[in-house]
Amino acid sequence: MNFLSSILLIKKLPNYKLVIFLILFSGICEAFGISVLVPVVTSLIGESSNISLEAPFDYLPKFLNFIGLSPSLSLILPFVFIAMILSFFAVFTQERVLAISRYKFLARIRNEASQNLIDSKWEYLKKISSGELSNKLLVESERAAESVVAIALMLSFLIQIFFYLAISLLLSWEMTLIAILTIVFTGFTSYRLIKLVNSYGMKSVEHNNSYNRQIVDVSRGMKLIKAFSIGDYVKNKLFKLNLKATEVQAKMLINQSLMKFEIQALISLALIFILIVSVEFLSIQPTVLLIFLYIILRITPKFFTFQGQFYSFYANKPSLDIVNELIENSKKEFEQSLDGKKIFLCLNNKISLKDINYKFDNEEKFTLTNINLDVHKSKFTSIVGPSGAGKSTLIDLIMGLLTPSRGSILIDEENLNNLNLGSYKEKIGFVPQEDIFFDGSLKENICFDKDFSQEEINEILKITQLKFFVDGLKEGLDYQVGEGGKNLSGGQRQRLSIARALLRNPSILILDEATSSLDSRSETLFQVALEEISKKYTLIVIAHKFDSIKNSDNIVVLSDGKIIQQGTFSELVNISGLFQDLYKTQSKLI
Ligand code: ADP
């Protein structure tokens, strides 16, 4: 992307038209400030109070003559004051609007990214790393906003330069030519450093992502790190990633200082050159020379600010690209539109899977092949099979989180594609393998955004064998569960996750049973809860412990993406096959 097309990125800023107007306005104010200064300098140099000037700098004396006043220093100075105040005010307003736009832009890209993510398909979300996501939303979006603001500030400088050059041209074209050549030459010499900073910017995003990914993994796996006593190994990994992320930022700063040094040296050289040429060869008037020097003095700090902004743009541009990529990619992966589709109220008969095949985008092999299965209303269906057999994928398809590559899913004879997926998902209660708890009360953690009555809550607590536990708590439902539910036992967390799903009155309850072993009392309570639930709901369970599925109406045995056996517990356990093998292995382990 070249510099000119980069300037167009200013359109991404909220209120960009107002920003551009203010940039132009400050440029005009700046030019006005200098032009009124010309008569003052002329007056001071000429040591005369009678000011006569050549066009176009004579407009103020002319105006004073026109209203019948003789132009003098004391009459012109108030105009200089007004011009100065006006230009300071213009800059202040521009900075104020820009600051507001910057944070509006930041809020907008963060909201757009999070909104698009939440609306995109599970297939896509599954691939996103949480560490990378938090880095993109927190750090990179901040840098993206900085890069867009840098564009506005660069544009502001370019417009001011334009006005300065216009005035300089009117004063002396020879000196202006030298100034332009200096600017172009400085640009060329800085080019290699600019290219370098862009690559540092990209590396910085990459290293920040890796560091964030690792931080999230470490915070999740703290228990394992302690248990395995691998603190030193993890620390070293974190140190190395942190070093890479900070080193690249240090390189960026050093590069920026080098660029500043080169530019300063070149400008000083140009200044001396301009002075020699104007005095020795061009016999420039002292007034012009003074104004010219004033312009150079005004422009030099601005030039350094510009250089800083230019640098900031190229260093932060990769962050803008990465956040845009996140926004655009998730937009492409939006879930199907729900408009005009049939609303699902409840399951009346059965869910039928007809010749289902499923392949992940990045895989060559089909994860599920020729799946034909009926899940009947109010029945208890269990899915078993070795790890990697495709159990979770099958459940994700039934829940409408994945779309079959081939075949169809019929809900009471209606193709799932024709149903309003939102209304269907609302009627599915899902209990994931990993229970998720937020810091807060028990009530908040099971009710979330809905307000259930005490009777409704009590009924569900009874079904899930939690009533006794909650009644025994001093604070009852106001009991604080702690971060991630750490004040609860594994069994309590599991049954609370089920209670949470049941409270929403689902038509179908899907349970991915936790593999971690529970104590025998918790296991008994879980089995009793499951029995109670199976009487009332259409229940699908991914089972790892066969004791809990003895009462299943149908057990589906999956192996390598295919259904290889189906039947009740007593049917399957008595015939040789995978189910019997798995059951025997499990019995031996217990
Ligand atoms: P199970 O629940 O029986 O352990 P899964 O349904 O999770 O099995 O996985 C079945 C197969 O699909 C595995 O070989 C797994 O590697 C693959 N798989 C699961 N998720 C993805 C994914 N997002 N991308 C590619 N392959 C996947």
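Everything that follows concerns the structure shown earlier in this document.
Basis of the calculations
- Residues numbered from 1 in each chain as written.
- Predicted model: local features only at pLDDT ≥ 70, side-chain atom pairs only at ≥ 80, totals over all residues.
- Heavy atoms only, no water.
- 1 Å grid on protein atoms, 1.4 Å probe; cavity = no way out; pocket = protein on both sides within 12 Å on 5 of 7 lines; lining within 4 Å.
- Points joined across faces, edges and corners; volume = space filled by probe spheres on them.
- Helix = DSSP H or I, 4+ residues; strand = E, 2+ residues; numbered from the N terminus.
- Nonpolar A, V, L, I, M, F, W, Y, C, P; charged D, E, K, R; others polar.
- Patch = residues over 30% accessible without salt bridge, like charges linked within 9 Å, V, L, I, M, F, W, Y side chains within 5 Å.
- Areas by Shrake-Rupley, 256 points an atom, 1.4 Å probe, with all protein chains shown as cover.
- Salt bridge = Lys/Arg side-chain N within 4 Å of Asp/Glu carboxyl O.
- Near = heavy atom within 4 Å.
- Polar contact = N/O pair within 3.5 Å; in protein donor to acceptor, adjacent residues only side chain to side chain.
- Phe/Tyr/Trp six-rings, centres within 6.5 Å; stacked < 30°, edge-to-face > 60°.
- Lys NZ or Arg CZ within 6 Å of the ring centre and 35° of its normal.
- Pairing = 2+ DSSP bridges.
- Contact = heavy atoms within 4.5 Å.
- Axes fitted to C-alpha atoms, helices over the stretch in contact; angles between N-to-C directions.

K.L.:
Explain the layout of surface pockets here, please?
P.N.:
Left-over empty space is what a probe sized like a water molecule reveals as it rolls over the atoms. When its volume is computed, the largest pocket comes out at roughly 1,600 Å³. Around the largest pocket, the lining comprises 42 residues; the ones closest to its centre are Trp-122, Met-399, Leu-401, Phe-430 and Pro-432. Of all elements in the fold, only helix H5 (122-125), helix H11 (391-398), helix H12 (421-426), strand E6 (428-431) and helix H16 (490-503) reach the threshold of two or more residues within the lining of the largest pocket. Classifying every residue of the lining of the largest pocket by side-chain character gives 18 nonpolar, 9 polar and 15 charged.

K.L.:
In this structure, what is going on with a nonpolar patch on the surface? I would like to understand it.
P.N.:
A cluster of nonpolar side chains, Phe-81, Ile-82, Met-84, Ile-85 and Phe-88, forms an exposed patch at the surface whose accessible area comes to about 510 Å². Residue placement: Ile-82 occurs in helix H4 (residues 73-119).

K.L.:
Explain the site of the ligand here, please?
P.N.:
What surrounds the ligand is a group of 13 residues, the closest being Gly-388, Gly-390, Lys-391, Ser-392 and Thr-393. Gly-388 is positioned with one of its backbone polar atoms (N or O) 2.8 Å from an oxygen atom of the ligand. A distance of 3.1 Å separates an oxygen atom of the ligand from a polar atom in the backbone of Ala-389. When the residues that make up the shell around the ligand are grouped by side-chain class, the tally is 3 nonpolar, 7 polar and 3 charged.

K.L.:
Just checking my understanding: could you explain the packing of aromatic side chains for this structure?
P.N.:
In this description, a pair of aromatic rings is defined by centroid distance and the angle of the planes. Per the stated rule, a full pass over the model turns up 14 aromatic pairs. Ring geometry for Phe-344 versus Tyr-424: centroids 5.2 Å apart, planes at 80 degrees, classification edge-to-face. Highlighted residues: Phe-344 in the loop between helix H10 (286-332) and strand E1 (350-358) and Tyr-424 in helix H12, separated in sequence by 80 residues. Three or more aromatic residues joined by ring pairs form one cluster here, namely Phe-157, Phe-306, Phe-310, Phe-313 and Tyr-314. Positioned above the aromatic ring of Phe-437 is the side chain of Arg-500, whose terminal nitrogen or guanidinium carbon lies 4.8 Å from the ring centre.

K.L.:
Would you take a moment to explain empty space enclosed by the protein for this structure?
P.N.:
In this structure the tally under the stated criterion is 3 cavities of 30 Å³ or more. Lining the largest cavity are 18 residues, and of these Ala-179, Thr-182, Ile-183, Ile-296 and Ile-299 sit closest to its centre. When residues of the lining of the largest cavity are traced back to their parent elements, those giving at least two are helix H6 (130-171), helix H7 (173-220), helix H9 (231-281) and H10. Broken down by element, the residue count for the lining of the largest cavity peaks at 6 residues, all from H10.

K.L.:
What am I meant to see in the sheet that holds E1 here?
P.N.:
Sheet strands line up and pair through hydrogen bonds in the backbone, either parallel or antiparallel. One open sheet holds the 4 strands; their spatial order is E2-E1-E4-E5, and the pairing between them is antiparallel. In this open sheet, the two strands that pair with only one neighbour each are strand E2 (368-376) and strand E5 (414-415). Two strands pair when backbone bridges link them, and strand E4 (residues 406-411) and E5 are joined in this way by 2 bridges, in the antiparallel orientation. Paired with Ile-411 across the bridge in E5 is Glu-414. Of the strands in this sheet, E1, E2 and E4 are in contact with H11, which crosses E1 at around 125 degrees.

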